[in-house]
Amino acid sequence: MPPNPVSIVAGFTPPAPGATPLLSVIPAVLSLELKAWMGPKLWVKLICAAIGLIVLTRLSLSRSNPAQFERWMLDVVALKFVPLTCLAVGGGILRNAIRSHTIEYLWTRSVKKAHLVISAWVAAVVVVTLLTILATVIVHATGSFSGIDRDWQNLPMTCAAEIALILPVTAIAVALGVWTGKYMVAGLLYGFVVETGISRMPTNLNLLAVTRHVEILLNHARQTLEGPGSMAVLQSVGALLVLTIAALLAACIVFSCKQYSIGAEKET
């Protein structure tokens, strides 16, 4: 024992309480999400999904038909399948934690709710990006098997356009997930009204649609003569970043203000 333990205790200054830094929350949430995905049946699910994608691609393509391949890859896989994946993963990443009581573990780690939303978005983006790149490679490999020789040339630009799509759509999905437990229904309704309806309107309102900007990037990925110029591409990238920030801000506000009933669908 020290000669005067009381003086030592009296002179001890505890560290100031505070929330866990964002740069520490992001890898923690990402690790939890990746561990949740790396379950015992992961490879079975991936193999079944890959087989289904190969079969759909083969049924949708005629041999040596590049135009048909582009329509399937860009208009269906990139603009339909990828947003649905964003909605499923991004919308459920915090909502599923609320339903399964695991959100309490994160809340007791002194984590700000805004940091938790941003970290959940980053984790969802990583997961969806990995799944998207894998699916895109499978579709291109199937196209090569179908006699489409030049399908690999546009692969890097296609993946870049898909990532640009993933960022805002996943942020919107996270916002819908913290807003309602029926985020899939809300997401499909949003897609029908905004991405299918407003995006086709000949007014500046179509700037609010992610699809409009991603289509410009995908047309650039096609490398066609009538494709958009570099300025249009930069403007679309900027608009997608603004939409991403706006959706994340909305998600942070909703998640910070809303009260949740853990393990149930009821909120107040």
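Residues numbered from 1 in each chain as written. Predicted model: local features only at pLDDT ≥ 70, side-chain atom pairs only at ≥ 80, totals over all residues. Heavy atoms only, no water.

**Description of the overall build of the protein**
Inclusion rule: For the purposes of this entry, the term helix denotes a DSSP run of H or I that reaches at least four residues, the term strand denotes a run of E that reaches at least two, and both are numbered from the N terminus. Accessible area is worked out with a 1.4 Å probe on protein chains only. A residue is then buried under 20% of its type maximum, exposed over 50%, and partly exposed in between. Contact definition: two residues touch when any of their heavy atoms are within 4.5 Å. All accessible areas in this document rest on Shrake-Rupley with a 1.4 Å probe, and a residue is counted as covered only by the protein chains that are shown.
Broken down by element type, the protein carries 10 helices and zero strands. For the protein, the sequential pattern of α-helices and β-strands runs α-α-α-α-α-α-α-α-α-α. Residues classed as buried in the protein amount to 41% of the 268 residues present. Contacts in the protein between residues at least 24 apart in sequence constitute 76% of all its contacts with a sequence separation of at least 6. By element, 70% of the accessible surface of the protein is carried by carbon and sulfur atoms, the whole surface being about 14900 Å².

**Description of a nonpolar patch on the surface**
The condition that has to hold: For patch building, the residue pool is restricted to those with more than 30% relative accessible area and no salt bridge; the joining distance is 9 Å between like charges and 5 Å between nonpolar side chains (Val, Leu, Ile, Met, Phe, Trp, Tyr). Salt bridge criterion: a side-chain nitrogen from Lys or Arg within 4 Å of a carboxyl oxygen from Asp or Glu.
Together, W43, I47, I51, V55 and L59 make up an exposed nonpolar region whose accessible area comes to about 580 Å². Residue placement: I47 occurs in helix α3 (residues 42-60).

**As for the environment of P27**
Structurally, the position occupied by P27 is in helix α2 (residues 22-37). Spatially, the C-alpha atom of P27 lies 7.8 Å from that of S119, the residues being 92 residues apart in sequence.

**Let's talk about α3**
Put simply, the test is: The span expected for a helix works out to 1.5 Å for each residue beyond the first. This arc describes the spread of directions from the helix axis toward the C-beta atoms.
Under the 1.5 Å per step criterion, the end-to-end length of α3 is 27 Å for 19 residues, consistent within 8% with the ideal 27 Å. Among the residues of α3, those classed as buried are L42, A50, L53 and T57. Buried positions in α3, seen along its axis, are confined to an arc of 65 degrees and lie on one side of it. When the buried face of α3 is taken as reference, the exposed residues oriented beyond 90 degrees from it are V44, C48 and L59. The secondary structure elements touched by the buried residues of α3 are α2, α4 (66-99) and α6 (113-145).

**Focus: the packing of α3 against α4**
To keep it simple, the criterion reads: Axes here mean lines fitted to C-alpha atoms, for a helix over just the part in contact, with angles spanning 0 to 180 degrees between N-to-C directions. Working definition: roughly parallel below 35 degrees, roughly antiparallel above 145 degrees, roughly perpendicular at 65 to 115 degrees, and oblique for all remaining angles. With the far helix as reference, a near helix turned anticlockwise by less than a right angle produces a left-handed crossing, and one turned clockwise produces a right-handed crossing. Gly falls in the polar group here, along with every residue not listed as nonpolar (Ala, Val, Leu, Ile, Met, Phe, Trp, Tyr, Cys, Pro) or charged (Asp, Glu, Lys, Arg).
Interhelical geometry of α3 versus α4 gives an angle of 140 degrees and a closest axis separation of 10 Å. Between α3 and α4, the angle is such that the two are oblique. The chirality of how α3 crosses α4 is right-handed. Taken together, the residues of α4 that come into contact with α3 (itself represented by L53, L56, T57 and S60) are Q68, W72 and F81. A breakdown of the residues in the contact of α3 with α4 according to their chemical character gives four nonpolar, three polar and no charged.

**Details of the packing of aromatic side chains**
Ring pairs (aromatic) are described by centroid distance and by the angle formed between their planes. Here is the rule: In summary, the pairing rule links any two rings of Phe, Tyr or Trp, Trp by its six-membered ring, whose centres are within 6.5 Å, and it sorts them by plane angle into stacked for under 30 degrees, edge-to-face for over 60 and tilted for everything else. Two conditions define a charge located above a ring, namely a distance within 6 Å from the ring centre to NZ of Lys or CZ of Arg, and an angle within 35 degrees of the ring normal.
On inspection of all chains with the given rule, the structure shows one aromatic pair. The interplanar angle of 85 degrees and the centroid separation of 6.0 Å between the aromatic rings of W72 and F81 together place this pair among those described as edge-to-face. Owing to a relative accessible area of 9%, W72 belongs among the buried residues under this scheme. For F81, a relative accessible area of 31% gives the class partly exposed. The ring of F255 is capped by K113, whose NZ or CZ atom sits 5.8 Å from the centre of that ring.

**So, the nonpolar core**
Using the following cut-off: Within this scheme, the nonpolar core is defined by two criteria: the residues are buried Ala, Val, Leu, Ile, Met, Phe, Trp, Tyr or Cys, and they are joined through side-chain atoms within 4.5 Å.
Within the largest apolar cluster, 62 residues are counted, with the highest numbers of intra-cluster contacts made by L94, V210 and F255. Residue assignment for this core shows that the elements contributing at least two residues are α2, α3, α4, α6, α7 (155-179), α8 (183-197), α9 (210-222) and α10 (230-257). It is α4 that provides the largest number of residues to this core, a total of 15 residues. In this view, V210 contacts L165, P168, V169, I172, Y190, E195, L240 and L243; residues no more than four positions away in its chain are not counted.

**Description of the confidence of the model for the protein**
As a reminder of what qualifies: The predictor's confidence in any single residue is recorded as pLDDT, a number from 0 to 100.
Overall, the prediction assigns the protein a mean pLDDT of 82, with 83% of residues at 70 or greater. pLDDT under 50 marks residues 5-16. Its contacts with residues more than four places away, or in other chains, come to one contact.

**Some details on the side chain of T132**
Looking at where T132 falls in the secondary structure, it is placed in helix α6. With relative accessibility at 6%, the residue T132 sits in the buried group. Excluding anything up to four places from it in sequence, T132 contacts V82, E162 and I166.

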